[in-house]
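The lines below spell out each chain.
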Amino acid sequence: MLVALTVGAVVTVALLVFILQNTERTAIAFFGWDFTLPLGVALLFAALAGLLIAAVIGGARIWQLRHAYRKAQ
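All values reported here derive from a predicted model rather than from experimental measurement.

(A) Looking closely at the overall build of the protein. The helix and strand inventory of the protein stands at two helices and two strands. Each helix and strand of the protein, ordered N terminal to C terminal, gives the series α-β-β-α. Relative to the 2.2 N^0.38 estimate, which gives 11 Å for 73 residues, the radius of gyration of the protein is 19 Å and therefore markedly larger than a compact globule would have. Along the longest, intermediate and shortest principal axes, the C-alpha atoms of the protein span 55 × 45 × 10 Å. The buried share among the 73 residues of the protein stands at 5%.

(B) Structural view of the UniProt feature "domain: Lipopolysaccharide assembly protein A" (unreviewed entry) in the protein. The feature "domain: Lipopolysaccharide assembly protein A" (unreviewed entry), as given by UniProt, occupies residues 21-73 in the numbering adopted here. Between the first and last C-alpha atoms of residues 21-73 the distance is 55 Å; the span itself is 66% helix and 23% strand.

(C) Focus on the packing of aromatic side chains. Evaluation of the coordinates by the stated rule reveals two aromatic pairs. On the numbers, 4.5 Å between centres and 65° between planes, the contact of Phe30 with Phe31 is edge-to-face. Each ring, one from Phe30 and one from Trp33, has its centre 6.3 Å from the other, and the planes form 45°; the classification is tilted. On the basis of relative accessible area, Phe30 is assigned to the partly exposed category, the value being 44%.

Definitions and cut-offs
- Sequence order sets the numbering: in each chain, residues are counted from 1 along the sequence as written.
- Only residues with pLDDT of at least 70 get local features here, since the model is predicted, and only at 80 or more are side-chain atom pairs given and counted; chain-wide, interface and lining totals rely on the full set of residues.
- Working from all heavy atoms in the structure, the side-chain values ignore hydrogens and water.
- A helix here means a DSSP run of H or I that spans at least four residues, while a strand means a run of E at least two residues long, and both kinds are numbered starting from the N terminus.
- In this description the radius of gyration comes from C-alpha coordinates, and the expected globular size is given by 2.2 Å times residues to the power 0.38.
- Whether a residue is buried, partly exposed or exposed follows from its accessible area with a 1.4 Å probe, protein chains only, as a fraction of its type maximum: under 20%, in between, or over 50%, in that order.
- UniProt positions are given in the numbering used here, feature names are shortened, and annotations may be inferred rather than shown by experiment.
- When the centres of two rings from Phe, Tyr and Trp lie within 6.5 Å, Trp using its six-membered ring, the rings pair. Their planes under 30 degrees apart give stacked, over 60 give edge-to-face, and anything left gives tilted.

Shown next, in the form of structure tokens:
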């Protein structure tokens, strides 16, 4: 558990440093919305959105495989 806590703390600090070093504002257009965000924050949001999409697709696939396995029994 101590190793997981340490790794989590290191990743958090690395993310904070990344965000703080990339503060230049960038224009973003998305489905008609136009706004500006710091580059580090925009990239963090993009990574989180990708993670969420991958988790939803992975969860759907796991559900599909479990459903097929139960049906086969």
